[in-house]
Amino acid sequence: QVQLVESGGGLVQPGGSLRLSCAASGSSASINAVGWYRQAPGKQRELVAAITSDIKTIYANSVKGRFTISRDSAKNTVYLQMNSLKPEDTAVYYCNVVSGIFTIAALSPPYNGWGQGTQVTVSS
């Protein structure tokens, strides 16, 4: 089974940038698409971006124009470049395989659960 491990989070000031990485281990043959999720304290986990194997991308309105999702198939890694960060971007960020109709509203993670995520804190 494919395992995804997030890294790259940290503390940044508003307007700053971070690049998150989602490294896949194990078999990648079953990956149709990968999404980045985030969960802020007291809030539900939300999908912010996703990318397919043929590099089609979608974004939540809250991050559109600021975040860019990409993937390096040779390295089995999906990235989330986050620019113009805002305090409301503060959350634990997770990656996961997603499936379904390729829209923010319809995509769902598998039943396998979640990893530890990586903390992103945007504060002055």
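The structure displayed is predicted, hence computed values, not measured ones.

## Looking at the overall build of the protein
Part 1 of the reasoning: Secondary structure assignment for the protein yields zero helices and ten strands.
Part 2 of the reasoning: When the helices and strands of the protein are listed from N to C terminus, the series reads β-β-β-β-β-β-β-β-β-β.
Part 3 of the reasoning: Taking 124 residues into account, the globule formula puts the C-alpha radius of gyration at 14 Å, and the protein, at 13 Å, falls close to it.
Part 4 of the reasoning: With the C-alpha coordinates of the protein rotated into their principal frame, the extents come out at 40 × 25 × 25 Å.
Part 5 of the reasoning: Within the protein, buried positions represent 42% of all 124 residues.
Part 6 of the reasoning: Put simply, 58% of the contacts in the protein that link residues at least 6 apart link residues at least 24 apart.
Part 7 of the reasoning: Of the roughly 6600 Å² of accessible surface on the protein, a fraction of 48% belongs to carbon and sulfur atoms.

## A word on the sheet that holds strand β3 (residues 18-25)
Part 1 of the reasoning: In space, the four strands of this open sheet follow the order β1-β3-β8-β7, with antiparallel pairing throughout. The open sheet terminates on both sides in strands that have one partner only, identified here as β1 (3-7) and β7 (67-72). Sheet twist, expressed as the average angle between the axes of neighbouring strands with direction ignored, equals 20°.
Part 2 of the reasoning: The sheet contact formed by β7 and strand β8 (residues 77-82) spans six bridges and is antiparallel. The residue bridging aspartate 72 from the neighbouring strand is threonine 77, located in β8.

## Some remarks on the state of the cysteines
Part 1 of the reasoning: Scanning the entire structure with this criterion turns up one disulfide.
Part 2 of the reasoning: Here cysteine 22 is linked by a disulfide to cysteine 95, with a sulfur-sulfur distance of 2.1 Å. Of note, the bridge from cysteine 22 to cysteine 95 carries an S-S torsion of about 80° and is right-handed in sense. Placement of cysteine 22 in strand β3 and of cysteine 95 in strand β9 (residues 91-98) is noted, with a sequence separation of 73 residues between them.
Part 3 of the reasoning: By relative accessible area, which is 1% here, cysteine 22 ends up buried.

## Here we look at the packing of aromatic side chains
Aromatic rings in a pair are described by how distant their centres are and how their planes are angled relative to each other.
Part 1 of the reasoning: Evaluation of the coordinates by the stated rule reveals two aromatic pairs.
Part 2 of the reasoning: On the numbers, 5.9 Å between centres and 70° between planes, the contact of tyrosine 94 with tryptophan 114 is edge-to-face. Taken together, the residues span a long stretch of sequence, with tyrosine 94 in strand β9 and tryptophan 114 in the loop between β9 and β10 (118-122) at a distance of 20 residues.
Part 3 of the reasoning: Assessed through its relative accessible area of 33%, tryptophan 114 is described here as partly exposed.
Part 4 of the reasoning: Taken together, the ring pairs connect Tyr37, Tyr94 and Trp114 into an aromatic cluster.
Part 5 of the reasoning: The lysine or arginine in question, arginine 19, covers the ring of tyrosine 79, its NZ or CZ lying 3.9 Å from the ring centre.
Part 6 of the reasoning: The ring of tryptophan 114 has arginine 45 sitting right over it, with the charged end atom 3.9 Å from the ring centre.

Reading the values: rules and limits
Residues numbered from 1 in each chain as written. Predicted model: local features only at pLDDT ≥ 70, side-chain atom pairs only at ≥ 80, totals over all residues. Heavy atoms only, no water. Helix = DSSP H or I, 4+ residues; strand = E, 2+ residues; numbered from the N terminus. Rg over C-alpha atoms; globule rule 2.2 N^0.38 Å. Buried < 20%, exposed > 50% of the residue type's maximum accessible area, 1.4 Å probe, protein only. Contact = heavy atoms within 4.5 Å. Areas by Shrake-Rupley, 256 points an atom, 1.4 Å probe, with all protein chains shown as cover. Pairing = 2+ DSSP bridges. Axes fitted to C-alpha atoms, helices over the stretch in contact; angles between N-to-C directions. Disulfide = S-S within 2.5 Å. Phe/Tyr/Trp six-rings, centres within 6.5 Å; stacked < 30°, edge-to-face > 60°. Lys NZ or Arg CZ within 6 Å of the ring centre and 35° of its normal.

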